[in-house]
Amino acid sequence: MTTSAAAPKVCLQCNRELRADEPHVAVQDGLFCQGCAGQLQAELARLEASQSEGVNYPLSAFGGVLGGVVGALVWWGFTVTTQISFGLVAVVIGYAVGHGVLRVGGYRRALGLQGLSATIAALSFGVASFLVNRSFYNMAAVEQGFEALPLVVPLPLVVEVLKMGASPMDLIFLGIVLYEAWRIPAPLRLT
Ligand SMILES: [Zn+2]
């Protein structure tokens, strides 16, 4: 269907017919008069701001940690059962942390929640990397008759274990994890 240039311009909101030269805001389905466009714009701005109201940081943090635990267990479980160090599975951590922060926190969206989410995701990625590397070390150690590492080791040893399986690809996976965790609780742009 084509609309002829002579068709009357009617505001989608107030149904008022606009004068031919009257300023208006065109949208996909038609147009708004200036007054209605301004009101809608203000309403959208109010909705946008309300996304960040009533943020409960402790509850959101709890949700994020919960997601981090789930994500780390998925990655760890995957690598231990398949014996394949498939780092791409680690991106599930970013997704789980982001959604934990968003859902458990009552669907609030704010910049502060994005920072919280990314921080928890980075820590979860570190813990999960340790668990995965430790498992692979222990598999090799037991095979060769060395002593296996316990679950809790001194910090310098944690660093050594993290360095064991490190590759440039890990930085890419960490980047994806942080991106997902950062993106998910971001306020939706309405205006
Ligand atoms: Zn109008």
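Residues numbered from 1 in each chain as written. Predicted model: local features only at pLDDT ≥ 70, side-chain atom pairs only at ≥ 80, totals over all residues. Heavy atoms only, no water.

Chemist: I would appreciate a short explanation of the overall build of the protein in the present structure.
Modeler: Scanning the protein from N- to C-terminus turns up six helices and four strands. Since a compact globule built from 191 residues should have a radius of gyration of about 16 Å, the 26 Å found for the protein marks it as more spread out than a globular shape. Seen along its three principal axes, the alpha-carbon backbone of the protein occupies a region of about 90 × 40 × 25 Å. The buried share of the protein, taken over its 191 residues, is 34%. Of the contacts made within the protein by residues no fewer than 6 positions apart, 64% connect residues no fewer than 24 positions apart. Put simply, the protein shows about 11500 Å² of open surface, and 66% of that area lies on carbon and sulfur atoms. Measuring between centres, the 11 positive side-chain charges of the protein sit 5 Å from its 12 negative side-chain charges. (Helix = DSSP H or I, 4+ residues; strand = E, 2+ residues; numbered from the N terminus. Rg over C-alpha atoms; globule rule 2.2 N^0.38 Å. Buried < 20%, exposed > 50% of the residue type's maximum accessible area, 1.4 Å probe, protein only. Contact = heavy atoms within 4.5 Å. Areas by Shrake-Rupley, 256 points an atom, 1.4 Å probe, with all protein chains shown as cover. Lys, Arg positive; Asp, Glu negative; His and termini not counted. Charge placed at Lys NZ, Arg CZ, Asp CG, Glu CD.)

Chemist: I tried to follow the pairing of strand 4 (residues 30–33) on my own but got confused; where do I start?
Modeler: Side-chain positions along a regular strand alternate between the two faces of the sheet. Of the strand pairs in this sheet, strand 3 (residues 24–27) and strand 4 are connected by four bridges, and their pairing is antiparallel. For H24, the partnering residue across the bridge sits in strand 4 and is C33. Where strand 3 folds back onto strand 4 in an antiparallel hairpin, the turn is made up of two residues. (Pairing = 2+ DSSP bridges.)

Chemist: What am I meant to see in the coordination of the zinc ion here?
Modeler: Four donors placed tetrahedrally about a metal ideally form angles of 109.5 degrees, and six donors placed octahedrally ideally form angles of 90 or 180 degrees. Coordination of the zinc ion by the protein is provided by C11 (SG), C14 (SG), C33 (SG) and C36 (SG), with metal-donor distances spanning 2.3 Å. Of note is the zinc ion, whose four donor atoms meet at the metal with angles of 101 to 118° in an arrangement that counts as tetrahedral. Read N to C, the donor residues that coordinate the zinc ion are spaced as C-x2-C-x18-C-x2-C. Here C11 is found in the loop between strand 1 (9–10) and strand 2 (17–18), whereas its partner C36 is found in helix 1 (residues 34–50), with 25 residues between them in sequence. Of the residues examined, C11 reaches a relative accessible area of 0% and is grouped as buried. (Donors = N, O, S within 2.8 Å, 3.2 Å for Na, K, Ca; no water. Tetrahedral: all angles 85-135°; square planar, octahedral: opposite > 155°, others 65-115°.)

Chemist: It is not clear to me how the pattern of salt bridges should be interpreted in this structure. Could you clarify?
Modeler: Should their charged atoms come close, side chains of opposite charge can pair. Counting across every chain of the model gives seven salt bridges. Of the charged contacts in the structure, one is a salt bridge between E43 and R46, with a shortest N-O distance of 3.2 Å. Taken together, the positions of E43 and R46, both in helix 1 and three residues apart, correspond to about one turn of that helix. Close ionic contact of E160 with K163 constitutes a salt bridge, the shortest N to O distance being 3.5 Å. In this pair, E160 and K163 both sit in helix 5 (residues 155–164), three residues apart, roughly one turn of the helix. A relative accessible area of 53% means that K163 is categorised as exposed. Taken together, the shared-partner salt bridges connect R16, R19, D21 and E22 into one network. (Salt bridge = Lys/Arg side-chain N within 4 Å of Asp/Glu carboxyl O.)

Chemist: What's the story with the nonpolar core in this structure? I'm lost.
Modeler: Where a protein is soluble and globular, its nonpolar side chains tend to be buried together. Counting 17 residues, the largest nonpolar core has W75, I93, V97, A121, F125, A128 and V177 as the members making the most contacts within it. Where this core is concerned, the elements lending two or more residues are helix 2 (57–82), helix 3 (91–104), helix 4 (111–143) and helix 6 (168–183). A total of six residues in this core trace back to one element, the largest contributor, which is helix 4. One finds C11, L31, C36 and A37 within the second-largest nonpolar core, a separate group that totals seven residues. (Core = buried A, V, L, I, M, F, W, Y, C linked by side-chain atoms within 4.5 Å.)

Chemist: What am I meant to see in the domain arrangement of the protein here?
Modeler: Many structure descriptions define interface size as the accessible area lost when the parts assemble. According to the domain assignment, the protein contains domain 1 (9–50) and domain 2 (57–183). Computed over C-alpha atoms, the centres of domain 1 and domain 2 are 47 Å apart. (Domains from an automatic or database assignment.)

Chemist: Honestly, helix 3 in this entry has me stumped. Any pointers?
Modeler: Each full turn of the α-helix corresponds to 3.6 residues, which orients residues three or four apart in the same direction. Along its 14 residues, helix 3 runs 20 Å from first to last C-alpha, staying within 8% of the 20 Å computed at 1.5 Å per residue. Within helix 3 the residues assigned to the buried category are I93, G94, A96, V97, G98, H99, G100, V101 and L102. Where helix 3 is buried, its residues contact helix 2, helix 4 and helix 6. Of the residues flanking the end of helix 3, it is G106, one or two places downstream, whose phi is positive at about 80°. (Expected span 1.5 Å × (residues − 1).)

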